[in-house]
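# Observations on chain architecture
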There are 2 protein chains.
Amino acid sequence: MGFSRILAGAAAALALAAGAAEAASPAPQVRAWRQSNEKAIVADFVKLLSLPNVATNVSDVEKNAAYLQELLKGRGFATQLLTAEPGTPPSVFGELKTPGARRTVVFYAHFDGQPVGQKGWVTPPFQPSMRTALPEATPVDWQGAAGPLDPAWRLYARSTGDDKGSIQSLLSALDALKATGRKPSVNIKVLWEGEEEQGSPHFEALVRKHKALLKGDLLIMGDGPMHQSGRQQINFGNRGIAGFKATVYGPTRPLHDGHYGSWAPSPTVMIASLVMSLREDNGRIPIPGFADDVTPVSAADKAALAALPDVETDLKTSLGLGRNIGEGRLADGYLAPTFNVRAIHAGDTGPDAANAIATEAEASFDIRLAPGMTPERAREKTEAYLAAQGWKIVRDTPDMPTRLQNPKVVRINWDDGESVATKTPMDGPAAAAVAASIGRTVGYPVLKLPIVGASSGMAKIVDALEVPMVGVSIANYDNNQHSVNENITLQALWGGIEVYAGLISDLSW
Amino acid sequence: MGFSRILAGAAAALALAAGAAEAASPAPQVRAWRQSNEKAIVADFVKLLSLPNVATNVSDVEKNAAYLQELLKGRGFATQLLTAEPGTPPSVFGELKTPGARRTVVFYAHFDGQPVGQKGWVTPPFQPSMRTALPEATPVDWQGAAGPLDPAWRLYARSTGDDKGSIQSLLSALDALKATGRKPSVNIKVLWEGEEEQGSPHFEALVRKHKALLKGDLLIMGDGPMHQSGRQQINFGNRGIAGFKATVYGPTRPLHDGHYGSWAPSPTVMIASLVMSLREDNGRIPIPGFADDVTPVSAADKAALAALPDVETDLKTSLGLGRNIGEGRLADGYLAPTFNVRAIHAGDTGPDAANAIATEAEASFDIRLAPGMTPERAREKTEAYLAAQGWKIVRDTPDMPTRLQNPKVVRINWDDGESVATKTPMDGPAAAAVAASIGRTVGYPVLKLPIVGASSGMAKIVDALEVPMVGVSIANYDNNQHSVNENITLQALWGGIEVYAGLISDLSW
């Protein structure tokens, strides 16, 4: 696709420019160590990925936590499992003190994963498989391979990119520094969450309960993908989220659509109409004043967004898209809300399609909230607008009087796990130190993304810990996170190890 | 629900008015015979319903045909199985000549049934079960019941209403007439189709091939339900149909909707937009000139529609509808096209709902065609309008160049089995004779529906046989045809036997 070529050229040019600063980075020694230990690193990672970790299964989450705790202990960490209260999913805490260090960095990632029920996995999601580069992606025997592993190969499994790849990078970075005799420059704390993909229902309470333990000067958030150009990027926050399911109602029994189609309201049409009243094809949200609460985009943010490399043309080509919606630049929409329609289900398609008017139809939505917005206000505005469109909003299946007294009834149920956005100023000393460290590691100025488009519960954590947060992403952008065939390229994993080694040993402010 | 009360009162009043004409009807003797043979009639019907008859399974259709052929032979018919060509679904033909009769009446019905894959059958669709009146519908032991069976009971199985109920009515009517010594007044031919719910792909060829055999003076079409008031009605035709599936395309791989939702087009939104561009919530079809070819509605048709009893208020109450769409009267839309959205499927709802932009989404449609319209013109206008909305129309999964060169791509595949409408003039002598016969049987003027809202391939048959067609419907209107829990009330079945006995023995023109 041309990205790696662009990257190699840029890196070479910038490496020359970076000059003397390069010397402080442990990257060359870490790379040499990695080159001698590739199969052992992958074997460790495969072991971690083989543990099922769907967030809804607490006992699986507990098994992951116990295993991670052992890995930290083996590397000299004092560890414990943290919970908000008994029976809730554990998070893993570890601490490694560095004599003489003035700063403490808390490394966050989550080890739980998205559901795996979608169809289309080429191999089971918890049986990691190595495959050749896209588009062939044929299975390859990495254990039997002679010479170095091809960095374009991809390891497929749930959580390769989101987030076990960050966890493995940190663990291998510690191994690399130890093997090369390089000391950490900061006190290290890790906080690995076990319920992020569930919407972190207990995580804020967990963090507040253990606030003293988790105290630090900087939070490194190891979630999310690298820039689509293949370059390392850091970010300073994420959007919030509020999701809901809407169910609309037609006749109480299915009706022959020849006899009744011109007279009985169709829930299939009603749900399409409801969808279009909330979200237009071009991404516009017709709800009046929906973005009124959004924090205005600063000149610094605009400049950082404008400085991001052009990836859109190549992205469209690789994704088979004849157009984009919204702004021309991918990240330009991140400081605004997005109203996503996750799914619509109405009637049956396929061989069982019947010429019938269905009794109900449903759609599922998630709203990405920009800084300044709250889930409460988003809920209020969404529902007020639906009410203004003539919808009677209920929370349960409507009874007959409700159906008969209202022309259009919609059941709306909001998801648990909603969150607000968080955003750390880009120009603070800790943030600047992170940018400088990664720049030394990779040999070019790291890209700065004011905020990522995705959501997490980090706002509550940043507020609780009163700490600046910088997101460091190491997974390839096309890692299929949240979907089938999630994967990580070996190139991304190798780069992640070097980045984390730098952050541990080369970070100071 | 009040219908049976209204019916009973109206029937009593009209029976008095009908006076002397009543004497010619065999209804009193047929009723007495039925009252003595209820369990035997139901047992015969259960046997017929127990034969699976989903139209797509030819070997099941063949078993039904062979069984029906035996039933006709046992009643003195000369029979044969007709096919268009070897390997296609058979239809059943039977002939019973009446010495001295001047007229030949062809009785049509179909014995194949709709698919049964939809969820929600209270008992398996081919294990007929008797249940008490709605809304309780509790299983009842009709074989062990003492005294007459409750006419409000319903027999549940696929095809009870659509159309095996008509077939059983004709068979039991023949038995009743024989038992009571009453002779037919016309030559009888039966033509029972085996692929109607498949869209009758071979039926026109079958009829044209056997045109001489099928010659008659009147075609009685035994499909469709009675009027919602519970009164007997006849109709003079049906609408045509053209159906299609539309698939729209987003990115070639699923994308995280936090990172990409404001930039990548969403097929979930695209399919909702496409749906709304073809069919509005109120039933309006936005396609310019879509109804231009429709035959203008005559004054006689308008008068017949206006004379139909008011059922809409009770219907809305029983269906839990707070409104209707289109005209206020149910049948007023039948002489116009209806654009039905059978189904939309896009993304996953439920526990596996992912915050992802799906790669594609689909919807399924059927267009009911009014007299004057053709499937060809409906297809052309639909596709021209989609093209005018910016859609690139393809017939297969689009390749990359097609995706990249077109902002919006839709794959459209039209269903097999499309048809045009057919409509017999209401004032012809054969049509008038049918109305008079049924009026004598039921004791009130039969309702006349200019056309039914449903579709069938009858237009081709009427054209091939050059014969007037009158539709005689005997199933209760709420028989759930084409859906789960299809059923017939015993009252409807008993009424059907009397109506058919009259048509066989009391029809002359």
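Residues numbered from 1 in each chain as written. Chains lettered and ligands numbered in written order. Predicted model: local features only at pLDDT ≥ 70, side-chain atom pairs only at ≥ 80, totals over all residues. Heavy atoms only, no water.

### Things to note about the overall build of chain A
Secondary structure assignment for chain A yields 15 helices and 20 strands. The C-alpha radius of gyration computed for chain A amounts to 24 Å, which stays within 12% of the reference 23 Å derived for 509 residues, consistent with globular compactness. The principal-axis extent of the C-alpha atoms belonging to chain A is close to 80 × 45 × 45 Å. Relative to its 509 residues, chain A shows a buried fraction of 61%. Within chain A, contacts between residues at least 6 apart in sequence are counted, and of these 81% link residues at least 24 apart. With an accessible surface of roughly 18100 Å², chain A has 53% of that area assigned to carbon and sulfur atoms. Treating the 48 positive side-chain charges of chain A as one cloud and the 53 negative ones as another, the clouds have centres 4 Å apart. (Helix = DSSP H or I, 4+ residues; strand = E, 2+ residues; numbered from the N terminus. Rg over C-alpha atoms; globule rule 2.2 N^0.38 Å. Buried < 20%, exposed > 50% of the residue type's maximum accessible area, 1.4 Å probe, protein only. Contact = heavy atoms within 4.5 Å. Areas by Shrake-Rupley, 256 points an atom, 1.4 Å probe, with all protein chains shown as cover. Lys, Arg positive; Asp, Glu negative; His and termini not counted. Charge placed at Lys NZ, Arg CZ, Asp CG, Glu CD.)

### Considering the domain arrangement of chain A
By the assigned domains, chain A splits into domain 1 (25-230 + 458-505) and domain 2 (239-294 + 336-414). The straight-line distance from the C-alpha centre of domain 1 of chain A to that of domain 2 of chain A is 38 Å. (Domains from an automatic or database assignment.)

### Regarding the pairing of strand S9 (residues 237-249) of chain B
Residue and element names in this part refer to chain B. Burial runs high along S9: 12 of the 13 residues are buried. Alignment of S9 against strand S16 (residues 422-423), held across two bridges, turns out to be antiparallel. In the sheet register, Asn238 faces S16, and the bridge partner there is Thr422. Where S9 meets strand S18 (residues 452-455), two bridges bridge the pair, whose relative direction is parallel. Of the residues in S18, the one forming a bridge with Asn238 is Val452. Bridge count between S9 and strand S15 (residues 408-414): five bridges; the pairing is antiparallel. (Pairing = 2+ DSSP bridges.)

### Re the relation of the copies chain B and chain A
Related by rotation about an axis and a shift along that axis, the two copies of the chain form a pair. Expressed as a screw operation, the relation of chain B to chain A combines 0.1 Å of axial shift with a rotation of 180 degrees, fitting to an RMSD of 0.1 Å. Each copy turns onto its partner about a two-fold axis. Interface residue correspondence from chain B to chain A reaches 100%, placing this contact among same-surface, isologous pairings. (Least-squares fit on C-alpha atoms with pLDDT ≥ 70 in both.)

### Notes on the interface of chain B and chain A
Contacts between the two partners involve 91 residues from chain B, matched on the other side by 91 residues from chain A. Across the chain B/chain A interface, buried area totals approximately 8000 Å², and carbon plus sulfur atoms make up 58% of it. When the area that chain B buries against chain A is broken down by residue, the three leading residues are B:His259, B:Trp263 and B:Leu319, summing to 11%. Counting every contact that joins chain B to chain A gives 28 residue pairs in polar contact (both at pLDDT 80 or more). (Buried area = accessible area lost by both parts, 1.4 Å probe. Polar contact = N/O pair within 3.5 Å; in protein donor to acceptor, adjacent residues only side chain to side chain.)

### Some remarks on the packing of helix H3 (residues 38-49) of chain A against helix H5 (residues 164-180) of chain A
Residue and element names in this part refer to chain A. As a packed pair, H3 and H5 sit with axes 10 Å apart at the nearest point and diverge in direction by 140 degrees. If you check the angle between H3 and H5, you find them oblique. For the pair H3 and H5, the crossing hand works out as right-handed. Seen from H3, the contacting residues are Ile41, Asp44, Phe45, Leu48 and Leu49; seen from H5, they are Lys164, Gly165, Ile167, Gln168 and Ser172. Here the residues of the contact of H3 with H5 are counted per class, giving five nonpolar, three polar and two charged. (Axes fitted to C-alpha atoms, helices over the stretch in contact; angles between N-to-C directions. Parallel < 35°, antiparallel > 145°, perpendicular 65-115°, else oblique. Left-handed = near helix turned anticlockwise from the far one by under 90°. Nonpolar A, V, L, I, M, F, W, Y, C, P; charged D, E, K, R; others polar.)

### What about the sheet that holds strand S5 (residues 154-156) of chain A?
Residues and elements named next belong to chain A. Ordered by their spatial adjacency, three strands build an open sheet running S4-S5-S20, and the pairing between neighbours is antiparallel. At either margin of the open sheet sits one strand with a lone partner, and together these are strand S4 (129-131) and strand S20 (487-489). For this sheet, the mean inter-axis angle between neighbouring strands, taken without regard to orientation, is 25 degrees. The pairing of S5 with S20 spans three bridges and is antiparallel.

### Notes on the sheet that holds strand S7 (residues 218-221) of chain B
Residues and elements named next belong to chain B. Strand order in this open sheet of eight strands is S1-S2-S6-S3-S7-S19-S8-S17, and the pairing throughout is mixed. With partners counted over all chains shown, the strands left at the sheet margins are strand S1 (78-82) and strand S17 (447-449), one partner each. Ignoring which end each strand starts from, the neighbouring axes of this sheet average 25 degrees apart. Summarising the sheet, S7 and strand S19 (residues 469-472) pair through three bridges and their orientation is parallel. By the bridge assignment for S19, Met221 is matched with Gly471. Across the sheet, helix H4 (residues 58-73) lies against S1, strand S2 (91-96) and strand S6 (187-193), angled at about 165 degrees from S1, the strand it touches most.

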